[in-house]
Amino acid sequence: MGRSHRSAPGAAKLREALERSRALLALPDGYRIAVVPASDTGAVEAALWSLLGARAVDVLAWESFGQGWAVDVVEQLGIENARVLEAEYGRLPDLGRVDFECDVVFTWNGTTSGVRVPDGDWIARDRSGLTICDATSAAFATDLPWSKLDVATYSWQKVLGGEAAHGILILGPRAVERLESYSPRWPVPKVFRLTKGGRLNESLFEGFTINTPSMLAVEDYLDALLWAESVGGVPALIRMADRNLGILQAWVDRTSWVDFLAVDPATRSNTSVCLRIRDAEGAGRDDAEPKGRASAMAGLLETEGVAYDVASYRDAPAGLRIWTGPTVELQDLEALLPWLDWAYEAASNEVPA
Ligand SMILES: Cc1ncc(COP(=O)(O)O)c(C=O)c1O
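So, how was this worked out
- Residues numbered from 1 in each chain as written.
- Predicted model: local features only at pLDDT ≥ 70, side-chain atom pairs only at ≥ 80, totals over all residues.
- Heavy atoms only, no water.
- Axes fitted to C-alpha atoms, helices over the stretch in contact; angles between N-to-C directions.
- Helix = DSSP H or I, 4+ residues; strand = E, 2+ residues; numbered from the N terminus.
- Left-handed = near helix turned anticlockwise from the far one by under 90°.
- Contact = heavy atoms within 4.5 Å.
- Nonpolar A, V, L, I, M, F, W, Y, C, P; charged D, E, K, R; others polar.
- Expected span 1.5 Å × (residues − 1).
- Buried < 20%, exposed > 50% of the residue type's maximum accessible area, 1.4 Å probe, protein only.
- Pairing = 2+ DSSP bridges.
- Near = heavy atom within 4 Å.
- Polar contact = N/O pair within 3.5 Å; in protein donor to acceptor, adjacent residues only side chain to side chain.
- Areas by Shrake-Rupley, 256 points an atom, 1.4 Å probe, with all protein chains shown as cover.
- Domains from an automatic or database assignment.
- Buried area = accessible area lost by both parts, 1.4 Å probe.
- Salt bridge = Lys/Arg side-chain N within 4 Å of Asp/Glu carboxyl O.

Participant: I would appreciate a short explanation of the packing of helix H1 (residues 8–25) against helix H5 (residues 215–230) in the present structure.
Facilitator: Think of two packed helices as two axes; the pair is described by the angle between the axes and how far apart they sit. One way to put it is that H1 packs onto H5 with a least axis distance of 10 Å and a crossing angle of 30 degrees. H5 is crossed by H1, and the crossing has left-handed handedness. Contacts between H1 and H5 involve Gly10, Lys13, Leu14, Glu16, Ala17, Arg20, Ser21 and Leu24 from the first element and Met215, Val218, Glu219, Tyr221, Leu222, Leu225, Leu226, Ala228 and Glu229 from the second. Looking at side-chain class alone, the contact of H1 with H5 contains ten nonpolar, two polar and five charged residues.

Participant: What exactly am I supposed to notice about helix H2 (residues 39–51) here?
Facilitator: Along an α-helix, a turn takes 3.6 residues, which lines up residues three or four apart on a common side. Helix length check: H2 (13 residues) gives 18 Å between terminal C-alpha atoms against 18 Å at 1.5 Å per residue, within 8%. Within H2, twelve of the 13 residues are buried, which leaves the element mostly enclosed by the surrounding structure. When we look at burial in H2, the residues that qualify are Ser39, Asp40, Gly42, Ala43, Val44, Glu45, Ala46, Ala47, Leu48, Trp49, Ser50 and Leu51. Following H2 by one or two positions, Gly53 adopts a phi angle in the positive range, close to 105 degrees.

Participant: Explain the sheet that holds strand S13 (residues 272–277) to me, please; I cannot follow it from the model alone.
Facilitator: Spatially, S12-S13-S14 is the arrangement adopted by the three strands of the open sheet, whose pairing is antiparallel. Here the strands that pair on one side only, and so sit at the sheet edges, are strand S12 (258–260) and strand S14 (320–323). Strand-to-strand twist across the sheet, computed as the mean angle between neighbouring axes with direction ignored, equals 35 degrees. Pairing analysis gives three bridges linking S12 to S13, with the strands arranged antiparallel. Directly across from Phe260, in S13, lies its bridge partner Leu275.

Participant: Is there a simple way to think about the site of the ligand in this case?
Facilitator: Near the ligand, the surroundings consist of 13 residues, among which Ser39, Thr41, Thr111, Asp134 and Lys158 are the closest. Measuring from an oxygen atom of the ligand, one finds a backbone N or O atom of Asp40 at 3.2 Å. In the model, an oxygen atom of the ligand is placed 2.4 Å from a nitrogen or oxygen of the Thr111 side chain. Notes on the ligand: free accessible area 400 Å², of which the protein chains cover 85%. Counting only elements with at least two residues in the shell around the ligand, the list comes to H2 and helix H3 (64–76). Looking at which element gives the most residues to the shell around the ligand, the answer is H2, with three residues. Split into classes, the residues belonging to the shell around the ligand amount to two nonpolar, eight polar and three charged.

Participant: Where do I start with the domain arrangement of the chain in this structure?
Facilitator: Along its sequence, the chain is organised into domain 1 (8–230) and domain 2 (233–350). Between the C-alpha centres of domain 1 and domain 2 the distance comes to 28 Å. On the side of domain 2, 27 residues touch domain 1, which itself brings 29 residues to the contact. The contact between domain 1 and domain 2 buries some 2200 Å² in all, and 60% of this surface belongs to carbon and sulfur atoms. When the buried area of domain 1 at its contact with domain 2 is split by residue, Tyr89, Arg116 and Trp227 rank highest and sum to 23% of it. For the interface between domain 1 and domain 2, the tally reads zero salt bridges. Elements that contribute at least two residues to the side of domain 1 that touches domain 2 include exactly H1, H3, strand S5 (109–110), strand S6 (115–116) and H5. With three residues, the single largest contributor to the side of domain 1 that touches domain 2 is H5. A per-class count over the side of domain 1 that touches domain 2 returns 13 nonpolar, eleven polar and five charged.

Shown next, in the form of structure tokens:
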């Protein structure tokens, strides 16, 4: 790990990480994959800064991360003809309104609302624009339709539970074609730059990086990839996450005080499950949900050493958020459930509804 990432053994490790990722994800021929700086955010922004501006943009936002990409598109890059298709927490925007003549920016799994797109059927096969998909918290836990994704990104710390640091950027042939035929009118910072002299910087997709990566993080990512291979690859990881979601689903079904934030069962995330507390009668949506109770529950669970960071994301409606990706053991989720019931009772006594 002390070796330079440019040394032959260092570069071989990076190449191995890319090759194992490509194989596990079953990327089609012609798709390129690179390690980029600044985690998933860096990968998404490298794509936005390098590719957008050639056509109008539809950006989908139904929770905090999508809203962040909309800010990049509309305010930072100032794209003319940008349209933000929004929905409130718990719902998806109307996918039927997406115009695939435009470049389309979307998050596959909205981590902070626990709402994901149900599949890729809504994405046009014969589109003229590019699809740019933030797939962090979906990649490795979802069957992604690669031919419909011109760009996809993820980070190492989400579904594979690896060390955070770097992002992965996947480019399909149409994205490469755009990079080689179009230059944005704005300056592209070096950490986002994917071309050299108007051509794709191929070395990035062969195990070289824009700047110095952490070889400790690379080793940890390789370890995570080997684990993923050992348990049966992506189909097994999907099954594990689905099974974890199923445990929570069964508990929600038999528990009157709780519900999924995701309204449509077909859109419920199998990695980031977001829950809301129903009102006292156990009915109705709870915009009046007592914010105090969810945070009191989170505080109690943390004090007991049962769960950490279990309150909903800071921008999301009050509630609980439970990671159910394939690195989470089923038994641990089963052990958590009585504690959630206990915390609800204890917090209800503390914070009257
Ligand atoms: C959907 C989504 N996009 C982007 C990010 C930001 O990722 P990173 O911290 O890897 O840059 C996250 C992190 O939780 C996320 O869940």
